[in-house]
Amino acid sequence: MTGRMKRWDIWSLITFVIFAGYMIFLALPLFMLLIKSFFDGTTGDFSLAYFTKFFSKAYYMNAVWNSIKVTVSVTVLSMLVAGPLAYIMTIAKIKGSGTVRILILISSMSAPFIGAYAWILLLGRNGVITNFIFDVFGFRMPDIYGFSGILLVLTLQLSPLIFMYVSGALKNVDNSLMEAAESMNCTGLRKMWKILVPLITPTLLAGGLLVFMRAFADFGTPMLIGEGYRTVPVLIFNEFISEVGGDDGFAAAISVIVVLFATAVFLLQKFVANRKSYSMSALNPIEPKKLKGIANAAAHVYVYLFTILAMMPQAYVAYTSFQKTSGKIFVDGYSLDSYRAAFAKVGDSIYNTFIMAGITIVIITLAAVLIAYVTVKRKGAVANLLDTFTMLPYIVPGSILGIALLVTFNKQPLVLSGTAVILIAAFVIRRLPYTIRSSAAVLHQVNDSIEEAAISLGASTMRTFFKITVPMMISGVFAGAIISWISIITELSTSIILYTGNTRTMTVAVYTEVVRGNYGVAAALSTLLTAITVLSLLLFFKLSGKKEVTM
Amino acid sequence: MSVAISFQEIVKKYGDTTVIPELSLDIQKGEFFTLLGPSGCGKTTLLRMVAGFNSIEGGALAFNEKVMNDVPPGKRNIGMVFQNYAIFPHLNVSENVAFGLQNRKVSKADQQRRVSDILNTVKIDIYKDRMPKNLSGGQQQRVALARAIVINPDVLLMDEPLSNLDAQLRVDMRNAIKSIQREVGITTVYVTHDQEEAMAVSDRIAVMKSGVIQQVGSPRDIYQRPANLFVATFIGRTNVIDAKLEIGTDGEASVVVGRDYSLPMLALQSQVKPGESVAVRISVRPEEFVLSEDGRGLAGKVVNNVFLGLNTHLVVKLDNGQEVEIIQQSAANDEVNIGQTVRLAILSETINVYDASGERNLNRGTRI
Ligand SMILES: Nc1ncnc2c1ncn2[C@@H]1O[C@H](COP(=O)(O)OP(=O)(O)OP(=O)(O)O)[C@@H](O)[C@H]1O
Ligand SMILES: [Mg+2]
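The rules behind each value
- Residues numbered from 1 in each chain as written.
- Chains lettered and ligands numbered in written order.
- Predicted model: local features only at pLDDT ≥ 70, side-chain atom pairs only at ≥ 80, totals over all residues.
- Heavy atoms only, no water.
- Pairing = 2+ DSSP bridges.
- Helix = DSSP H or I, 4+ residues; strand = E, 2+ residues; numbered from the N terminus.
- Axes fitted to C-alpha atoms, helices over the stretch in contact; angles between N-to-C directions.
- Contact = heavy atoms within 4.5 Å.
- Domains from an automatic or database assignment.
- Buried area = accessible area lost by both parts, 1.4 Å probe.
- Salt bridge = Lys/Arg side-chain N within 4 Å of Asp/Glu carboxyl O.
- Polar contact = N/O pair within 3.5 Å; in protein donor to acceptor, adjacent residues only side chain to side chain.
- Core = buried A, V, L, I, M, F, W, Y, C linked by side-chain atoms within 4.5 Å.
- Buried < 20%, exposed > 50% of the residue type's maximum accessible area, 1.4 Å probe, protein only.
- Expected span 1.5 Å × (residues − 1).
- Arc of directions from axis to C-beta.
- Phe/Tyr/Trp six-rings, centres within 6.5 Å; stacked < 30°, edge-to-face > 60°.
- pLDDT = per-residue confidence, 0-100.
- 1 Å grid on protein atoms, 1.4 Å probe; cavity = no way out; pocket = protein on both sides within 12 Å on 5 of 7 lines; lining within 4 Å.
- Points joined across faces, edges and corners; volume = space filled by probe spheres on them.
- Parallel < 35°, antiparallel > 145°, perpendicular 65-115°, else oblique.
- Right-handed = clockwise from strand over helix to strand, strands pointing away.
- Nonpolar A, V, L, I, M, F, W, Y, C, P; charged D, E, K, R; others polar.

Draft legend 1. Seen up close, the sheet that holds strand S10 (residues 212-217) of chain B. All names here are of chain B. Sheet architecture is open: six strands sit in the order S6-S7-S8-S3-S9-S10, paired in mixed fashion. The open sheet has two free edges, formed respectively by strand S6 (78-81) and S10, since each of these has just one partner strand. Across this sheet, the average inter-strand angle for adjacent strands is 15°, counted without regard to direction. Relative to strand S8 (residues 187-192), strand S7 (residues 155-159) runs parallel, the two being bridged by five bridges. Across the sheet, residue Asp159 finds its bridge partner in S8, namely Val191. Relative to S7, helix H1 (residues 43-51) is tilted by about 150°, and along the sheet it contacts strand S3 (32-36), S6, S7, S8 and strand S9 (204-209). Contacting S3, S7 and S8, helix H5 (residues 167-184) runs over the sheet at an angle of about 140° to S3.

What follows is the structure, encoded as structure tokens:
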């Protein structure tokens, strides 16, 4: 806004309220975590004991090493798998590519630990594929528990993110750039390496960061399929859960280290990406062409194989949800027993999920509209700080936010632990960014003069906002809200820390049922989650008129 | 009810940079007033100060004596037409136009009547239920205009309202704007950097450069008696030629161009004493050159010749190497060949003479 007079108005108040919310539910908890990590839990004295303990014991350093190995491998592998996938889907005509894209999107939206448990059912010690291969070829597949299993699950789960990022960037590459390169006799792989790769590198890095953060923070997957392969989130969870009521300072100390590490990675990525980012928009995007012969077959095989592997967990889980069960074991024949059992046993978790996610989404929608407006149209020191706050959830893993909230709000003056409020607060903080981003994206398109026109016609600030600005943003807001909604109902790492008997969510229920070996109930609930996700996505497509999602 | 606008030593600063230093200007009631100047000279800035979207760092802005500096935009009763129209995309044509009325205490019936009246005036009544995205550029422009004037504003402000339209439509729309303005009689401040457009619509024009007004006057004044060389070259095309101003012993002034081409000047004001001479610069419009028949005039060689139907444009290289532009009415057999030597006479009654710096017009009766 050029030279608008700085006035105290209703927006200052709104900014203040939102700011206060972030201070209470994000800044304060993180600060409390920091304090806790530096003070001895029993004596209350300042001490570096937790940190020395962490860095001096091979047991802990081993977990750090494991986490780094997993995270780096998953990130690199995802780029190697999804980069070519996006490239193929951009240049080559693939039969059913629309469906393929939607399936890949759906696969990326499920909770990773559901993938882990599905792959255990498929490739585990007693998995159907393992047994099948043993029966037919008489040989035992290598074990998937531990590092390789985590790698498989997280790569399949997270490479769709890179696929979506890179596809988006490739869509913005103008075909004339390719033709110009060809006209200068730069063709084939050389053209790809010299022109395309540099252009999409910033996007690849941004997608890579997202994958890195998610793989680093994921706790359900190593917990289920890791079998003793301890990563840092597992460590934090175990320390925290086993020491509830006692000394949770050590979990806090590990959390602080993790957040510092994540911040460093985040800043590094920003630094690299900023130095080589291009703004592109293609008048004449690359058209997919029909490939010939071997190339065509190879392209199809690659795309279909990836899609099948990515969809396999959800498809198989859905299949088993309709299998007959006897106790905890699947038997021949089909029935809806698992669903009946699910509603009977953990029906409350479905109810909880809908209520809490519903309330969260209302708050998110409101807050996102206001925050997007403040940060886009009312630039200033406070708006910038707010912008930074909204970015924080990208680098604070969900379980750590959960712990931070718990250590802050489990004592006077504000006791929230065990209530739905603390879960909702965590959900709001973690999933706001999606909606803010999509709202801000639309708002950037809205020219300042539209609002000035309304004001010059005598409308008040609030009337201008509600009558003019909000209606113009609304499609972006709803689109973002749906993505936030999906990510709330499928999130585990925060809820597993914060839930109690009364506030159990569906993902928590799936997780506990899987751990207990009640695969039928778990499958029914997971399938329900997938169904809700698919329906929500359909709604998203209808509202946004788009066929893709940006995260 | 329209108002007179007065700017009294108005100052605009962005941070430490002063964009408009102490500008004073009076715009009369009901006048169509245009701010004209090159890109970045501060036209938009000044207009937005009138609208209230830009703060004022010094001086006073008054509507009919009432100081407006601290009145918020919504309370100034202005109508504003934006360069990109700023039509509300989610409201249809009548809703767009009615928006301003809804913010005022106007009854529903009155609203409807005024909206349909104004849509008639701007000739888009048949589109009243259309959504903006289904309108052409010119139609959107009319909606923007209707929306701005339906509230009976005291002042109508327009910032390059036609710059997004194609050439032919621009001409049609500027005529429409002019006639609608005359019909409703609102004081109008119009911003453009298209001088032909400014000439066509304005009662008076202010030519600006770097935040400073160079000249205020009617389109005719500004074209025929530009206050300085900047205005002369900015408005229309002209040839600037170095010359000498000589005052004869009898006090008669003449301008000597080239070696010995002397033009008697009747209405010059200067401090030069009889018998002395001083360097000046003259501005000769292309149509103020004629091909000389009697052998008097500046010698030169034709280097280009473009036939444009009604007119023929010539470029002539003078003996001193300077190239000048000439516009002649085309006649049946007046073809001048490239390379041909010619003599150029100057129509001395209409040319303008400036001091050597180009800052001051020496022709008597120039209004600044
Ligand atoms: N918000 C701002 N902050 C700093 N400087 C500004 C700002 N807005 C405008 N300026 C400067 O003020 C000067 C005048 O700008 P203004 O927009 O009024 O020009 P203009 O005459 O309308 O130009 P144009 O014909 O290109 O629209 C320019 O030098 C511009 O760079
Ligand atoms: Mg401008």
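Past the structure itself, the notes keep going.
Draft legend 2. Structural detail: the domain arrangement of chain A. Residues and elements named next belong to chain A. Each assigned domain of chain A is listed with its residue range as follows: domain 1 (63-320) and domain 2 (322-551). At the junction of the two partners, domain 1 supplies 37 residues and domain 2 supplies 41 residues. In this assembly, domain 1 packs against domain 2 so that about 3,600 Å² is buried in total across both faces, 75% of it on carbon and sulfur atoms. Taken together, the connections running from domain 1 to domain 2 amount to zero salt bridges. Taken together, the connections running from domain 1 to domain 2 amount to six residue pairs in polar contact (both at pLDDT 80 or more). Elements with a minimum of two residues in the side of domain 1 that touches domain 2: helix H4 (97-108), helix H5 (112-123), helix H7 (147-171), helix H9 (188-217), helix H10 (220-225), helix H11 (232-242), helix H12 (249-275) and helix H13 (293-321). Considering every element that reaches the side of domain 1 that touches domain 2, the biggest residue donor is H12, with six residues.

Draft legend 3. The arrangement of the nonpolar core in detail. One finds Tyr22 of chain A together with Ile5 and Phe7 of chain B to be the most contacted residues of the largest nonpolar core, which totals 245 residues. The element best represented in this core is helix H14 (residues 337-377) of chain A, accounting for 17 residues.

Draft legend 4. How the structure looks around unusual backbone geometry. Residue and element names in this part refer to chain B. The backbone of Glu22 shows a phi angle near 35°, a positive value even though the residue is not glycine. Structurally, Glu22 is set in strand S2 (residues 17-27). Since its relative accessible area comes to 56%, Glu22 is described here as exposed. With a phi angle near 75°, Tyr85 is a residue other than glycine that sits in the positive phi range. Relative to the helices and strands, Tyr85 is located in the loop between S6 and helix H2 (93-102).

Draft legend 5. Examining helix H3 (residues 108-121) of chain B more closely. Residues and elements named next belong to chain B. Spanning 14 residues, H3 covers 20 Å between terminal C-alpha atoms, matching the ideal 20 Å at 1.5 Å per step. Where H3 is concerned, the buried positions are Gln111, Val115, Ile118, Leu119 and Thr121. Taken end-on, H3 shows its buried residues confined to a sector of 155°, consistent with a single buried face. Those residues of H3 that are exposed and angled more than 90 degrees off the buried face are Ala109 and Gln112. Buried residues in H3 make contact with H2, helix H4 (137-149) and H5. Downstream of H3 by one or two residues, Lys123 has phi in the positive range, about 65°.

Draft legend 6. View of the pattern of salt bridges. Residues and elements named next belong to chain B. Enumeration over the complete set of coordinates arrives at 19 salt bridges over all chains. Asp110 is paired through a salt bridge with Arg113; the nearest N and O atoms lie 3.1 Å apart. Remark: Arg113 and Asp110 occur in helix H3; sequence separation between them is three residues, near one turn of the helix. With a shortest N-O distance of 3.4 Å, Asp203 and Lys178 are connected by a salt bridge. Of this pair, Asp203 sits in the loop between helix H6 (195-201) and S9 while Lys178 sits in helix H5, and the two are 25 residues apart along the sequence. Asp203 sits in the partly exposed class, given a relative accessible area of 36%.

Draft legend 7. Expanded view of the packing of aromatic side chains. All names here are of chain A. A full pass over the atoms with the stated rule returns 32 aromatic pairs over all chains. Between Phe25 and Phe409, the ring centres sit 5.5 Å apart and the planes meet at 45°, which makes this aromatic pair tilted. With Phe25 in helix H1 (residues 10-38) and Phe409 in the loop between helix H16 (398-408) and strand S3 (410-411), this pair connects stretches of sequence that are 384 residues apart. Classification of Phe25 by relative accessible area gives partly exposed; the value is 23%.

Draft legend 8. Structural view of the confidence of the model for chain A. Scored by pLDDT, chain A comes out at a mean of 85, with 93% of its residues at no less than 70. Within the model, the stretch residues 1-5 of chain A combines pLDDT values under 50 with 16 contacts to residues more than four positions away or in other chains.

Draft legend 9. Spotlight on empty space enclosed by the protein. Residue and element names in this part refer to chain A. Evaluated as defined, the whole model comprises five cavities of 30 Å³ or more. A volume near 80 Å³ is recorded for the largest cavity. If you go around the largest cavity, the residues you meet are Ser107, Ser110, Gly115, Trp119, Val153, Leu156, Gln157, Ala310, Pro313 and Gln314. Mapped onto the lining of the largest cavity, the elements with two or more residues apiece are H5, H7 and H13.

Draft legend 10. Representation of the domain arrangement of chain B in the model. Residues and elements named next belong to chain B. What the domain assignment lists for chain B is domain 1 (5-233) and domain 2 (234-355). Using only C-alpha atoms to locate each centre, domain 1 and domain 2 end up separated by 39 Å. Domain 1 puts 19 residues into the contact, and the matching count from domain 2 is 14 residues. Of the roughly 1,400 Å² buried between domain 1 and domain 2 on both sides combined, carbon and sulfur atoms contribute 57%. In this structure, the connection of domain 1 to domain 2 is made through zero salt bridges. Sorting the residues of the side of domain 1 that touches domain 2 by element identifies H6, helix H7 (219-224) and helix H8 (229-234) as the ones contributing at least two each. Take the side of domain 1 that touches domain 2: its biggest share by element is five residues, from H8.

Draft legend 11. A look at the sheet that holds strand S4 (residues 58-63) of chain B. Residues and elements named next belong to chain B. The strand order across the open sheet formed by four strands is S2-S1-S4-S5, and the pairing between neighbours is antiparallel. Bordering the open sheet on either side are S2 and strand S5 (66-67), each of which pairs with just one other strand. Looking at chain direction, strand S1 (residues 5-14) and S2 are connected through seven bridges and run antiparallel. Residue Ser6 lies in a different strand from S2, and its bridge partner there is Asp26.

Draft legend 12. Here's a closer look at the packing of H5 of chain A against helix H6 (residues 128-137) of chain A. Residues and elements named next belong to chain A. Following both chains from N to C, one finds H5 and H6 inclined at 15°, their axes separated by 3 Å at the closest point. Of the possible angle classes, the one that applies to H5 and H6 is roughly parallel. Residues Leu121, Leu122 and Leu123 of H5 lie in contact with H6, whose contacting residues are Val128, Ile129 and Thr130.

Draft legend 13. Spatial organisation of the pairing of S7 of chain B. Residue and element names in this part refer to chain B. With respect to burial, S7 is a largely interior element, five of its five residues being buried. For S6 and S7, the ladder comprises four bridges, and the chain directions are parallel. The residue bridging Val81 from the neighbouring strand is Met158, located in S7. Handedness of the crossover is the feature at issue here: the chain leaves S7, passes through H5, returns alongside S8, and the resulting connection is right-handed.

Draft legend 14. Here's a closer look at the environment of Phe427 of chain A. Residue and element names in this part refer to chain A. Residue placement: Phe427 occurs in helix H17 (residues 420-445). Along the primary structure Phe427 and Val76 are separated by 351 residues, whereas in three dimensions their C-alpha atoms are 29 Å apart. With residues up to four places along the chain from it excluded, the contact list for Phe427 reads Thr360, Ile364, Leu432, Ile488, Glu491, Ser495 and Thr505.

Draft legend 15. Structural detail: the interface of chain A and chain B. Listed as interface residues are 22 residues of chain A and, on the opposing side, 25 residues of chain B. Interface of chain A and chain B: buried area, both sides summed, is about 2,000 Å²; carbon and sulfur atoms make up 62% of it. Of the charged contacts, one joins Arg48 of chain B and Glu452 of chain A as a salt bridge, the two residues approaching to 2.6 Å between their closest N and O atoms. Scanning the region where chain A abuts chain B turns up seven residue pairs in polar contact (both at pLDDT 80 or more). Elements that contribute at least two residues to the side of chain A that touches chain B include exactly helix H18 (448-456) and helix H19 (461-489) of chain A. Sort the elements by how many residues they give to the side of chain A that touches chain B and H18 of chain A lands first, with seven residues. A breakdown of the residues in the side of chain A that touches chain B according to their chemical character gives 11 nonpolar, six polar and five charged.

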